[in-house]
Amino acid sequence: MNVFVRQGLKCSQLLRASQPKTDKCIRFVVTALDSTEKTTPTIGSPSENKLKKIIFPPFVKDLFVGEFNKSILNYAEVLNYERYFVLLEQTGQLTKFLEENKETLKTINERGAVPEEILIKLKGLDLYGLMVPAEHGGADLLNTEVLRLFQELGVNLTLAELFTMNELMCTKAIVKQGSEAQKAAYLEKISTGELWTSYCISEPTCGSDPNQIQALARWDAETETYKLKGTKTWVSNAVRANLFLVFANLRMLNYLGESEDCLTAFLVEKNSPGVEVSMPYDLAGYNGLQVCDIQFDCSIPQSALLGEEGKGLDLLTELNHEVKYFAAAGLVTRLTGLLDETVKHTLHRKQYGAKLSEFELIQIQLAKCASKIYALESMLYITSGLADVGLNPDIETESAIVHQFAVESFDYVTKTCLSILGAQTNLKEGKYGEYLAENLALQTLHGTSNINKCFIALSGIKHLIKTKGEYLTKCRQPGFYPVKRFVYVIKRMRTNLDVFPLKYNLENYVHPRLLRISPLVDKAEIGRA
């Protein structure tokens, strides 16, 4: 808790004041405004303090059923002026800190760990417990605010990934499904940086498929403990973490009274007898994450159960979907830095009597890189905005799309920029080799592209069946539902003849350069693009 909170200053006072003389972060001033009123952002007016949650249908999933929500074309006012000021101050301080310590950050991959001095200094910037509720010592920030801070950490992807995992996997699982005792025991320590977390899902015989998990948990009635046994592989931050979120199969009785294994989540402390952590892998990319294998052969108390027995798959699915787009935030900063270096290179490097920047092919390549980075950043904040303003938001498909686009964009921008930079990228001790290693690691870090693409398609199809399944079934039965069949045939005829009323009239909402293609959305809405 910083000096502004102790003094009880309001952001409006800070706005009128000159620049603060202290170097401490003012993040917690958000939670110290008017105690009679929840200080959250607003929809529509950036000067209001109350967040007006709205019921926002899933945007991408609705595209599968022919619905296009035009409100997505406008950015919602997620942050009010006061929260924006606080975020601006903290990102400014974080940027300054990262710049001052850039030489130390460059050694992370070689050291194989993030230096403790960096993590200790980051405590002063209040980068821990960003999404932990205020009553448990956290900042209780919005998704948009957290995303902006993680984006700044992208100057080093290992550092960004480290904080993303610590904040969004085990910590968020405790916030969502933890008991009051679990929240009291762990959240405040996480918020102060005293406690680090990690999660354990992959095993020697399975990767991202939770149905293949072999780790077992058995309830021992005599000792009133769970006997946990199994090996988890590729556990990030395993050396530093004090608390692990472990997924294992628990033998239970189903609704038929038959015995079956159901995935269940447990909180396991590292100092529990029977928990053994291996030496870290020596990785080409993200080497500072200290990825290890962990052997579990231990007894854990009943209080270690997170959520309900047999509900681990639901929790894992929810966490995976949320972490995907947050993990892409740091990529924006990383790619922007590489593109800036490439542009400077083209302005000074000469070939065939002219600067590289004067060749049209180079200009096109750089423009494509810039457009992909801009599109990625826009997708990130639209998705986080939907999560902030929606009442029970459904953004799992958007999150997967953002992650997939981020991976593909990182691959394109990296390869394009390195090809322009030329032979210097092949130096063994050069900095550009890290980009290639990071690009390779990203392809499988949060699930392979094939899995992501299949999930996107299947989630849309499932939503179509849920929303329009009964209607489509009736349309296929003209004998029982002649009116519905007739209306359906008329719509198909209009589509084939290109004669139909425009439903959205997007030419009034889009940029002039998109006027020619905006009618295609209306065509897609009734089944033809």
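Residues numbered from 1 in each chain as written. Predicted model: local features only at pLDDT ≥ 70, side-chain atom pairs only at ≥ 80, totals over all residues. Heavy atoms only, no water.

(A) Quick peek at the pattern of salt bridges. This model, assessed by the stated rule, comprises 18 salt bridges. Measuring nitrogen to oxygen at the nearest pair gives 3.6 Å for the salt bridge that ties R334 to E434. Remark: E434 occurs in helix 16 (residues 432–445) and R334 occurs in helix 13 (residues 329–348); sequence separation between them is 100 residues. Judged by its relative accessible area of 11%, R334 is buried. Since its relative accessible area comes to 27%, E434 is described here as partly exposed. Across the salt bridge formed by K431 and E341, the nearest N and O atoms sit 3.0 Å from each other. In this pair, K431 sits in the loop between helix 15 (396–421) and helix 16 while E341 sits in helix 13, placing the two residues 90 residues apart along the sequence. Exposure remark for K431: the relative accessible area of 46% places this residue in the partly exposed category. Salt bridges linked by common partners bring K61, D394 and E396 together as one network. (Salt bridge = Lys/Arg side-chain N within 4 Å of Asp/Glu carboxyl O. Helix = DSSP H or I, 4+ residues; strand = E, 2+ residues; numbered from the N terminus. Buried < 20%, exposed > 50% of the residue type's maximum accessible area, 1.4 Å probe, protein only.)

(B) Structural detail: the nonpolar core. Judged by nonpolar contacts, the single largest core of 122 residues is most densely connected at L122, L159, F163 and L245. With 10 residues, the single largest contributor to this core is helix 14 (residues 360–389). (Core = buried A, V, L, I, M, F, W, Y, C linked by side-chain atoms within 4.5 Å.)

(C) Main features of the pairing of strand 3 (residues 225–235). In this structure, strand 2 (residues 216–220) lies alongside strand 3, joined through 5 bridges in antiparallel fashion. From the neighbouring strand, W219 faces strand 3, where its bridge partner is Y226. Hairpin connection between strand 2 and strand 3: a loop of 4 residues separates the two successive antiparallel strands, and E224 in this loop has a positive phi of roughly 55°. Pairing geometry for strand 3 and strand 7 (residues 292–301), over 9 bridges, is antiparallel. Within strand 7, the residue paired with V235 across the bridge is C292. (Pairing = 2+ DSSP bridges.)

(D) Quick look at the packing of aromatic side chains. For the structure shown, the criterion picks out 11 aromatic pairs. The structure contains a cluster of three or more aromatic residues connected by ring pairs, namely Y128, F163 and W196. Its guanidinium or amino end placed over the ring of Y412, K372 lies 5.1 Å from that ring's centre, counting from NZ or CZ. Here the basic side chain of K468 rests over the ring of Y471, its NZ or CZ set 5.8 Å away from the ring centre. (Phe/Tyr/Trp six-rings, centres within 6.5 Å; stacked < 30°, edge-to-face > 60°. Lys NZ or Arg CZ within 6 Å of the ring centre and 35° of its normal.)

(E) Representation of the environment of S198. On the secondary structure map, S198 appears in strand 1 (residues 197–200). In sequence terms S198 and A241 are 43 residues apart; their C-alpha atoms lie 6.0 Å from each other. Each residue touching S198, except ones within four places of it in the same chain, is listed here: C170, V235, S236, N237, A241, L243, F244 and L245. (Contact = heavy atoms within 4.5 Å.)

(F) Helix 9 (residues 157–168), seen in detail. For helix 9, which comprises 12 residues, the first-to-last C-alpha distance of 16 Å matches the rise-based estimate of 16 Å (1.5 Å per residue) to within 8%. In terms of burial, helix 9 is a largely internal element, 12 of the 12 residues being buried. Listed in full, the buried residues belonging to helix 9 are L157, T158, L159, A160, E161, L162, F163, T164, M165, N166, E167 and L168. For helix 9, the side-chain oxygen to backbone nitrogen distance between the N-cap and T158 is 3.1 Å, and the N-cap itself is N156. (Expected span 1.5 Å × (residues − 1). Polar contact = N/O pair within 3.5 Å; in protein donor to acceptor, adjacent residues only side chain to side chain.)

(G) The arrangement of the packing of helix 14 against helix 15 in detail. Contact geometry of helix 14 with helix 15 gives a least axis separation of 10 Å together with a crossing angle of 160°. Comparing the axis directions of helix 14 and helix 15 gives the class roughly antiparallel. For helix 14 against helix 15, the interelement crossing comes out left-handed. Looking at the contact of helix 14 with helix 15 residue by residue, the classes come out as 17 nonpolar, 5 polar and 3 charged. (Axes fitted to C-alpha atoms, helices over the stretch in contact; angles between N-to-C directions. Parallel < 35°, antiparallel > 145°, perpendicular 65-115°, else oblique. Left-handed = near helix turned anticlockwise from the far one by under 90°. Nonpolar A, V, L, I, M, F, W, Y, C, P; charged D, E, K, R; others polar.)

(H) Up close: helix 7 (residues 116–123). Looking at helix 7, one finds that the buried residues are I118, L119 and L122. Considered in projection along helix 7, the buried side chains sweep an arc of 95° and stay on one side of the axis. At its buried positions, helix 7 is contacted by helix 4 (81–100), helix 5 (102–105) and helix 9. (Arc of directions from axis to C-beta.)

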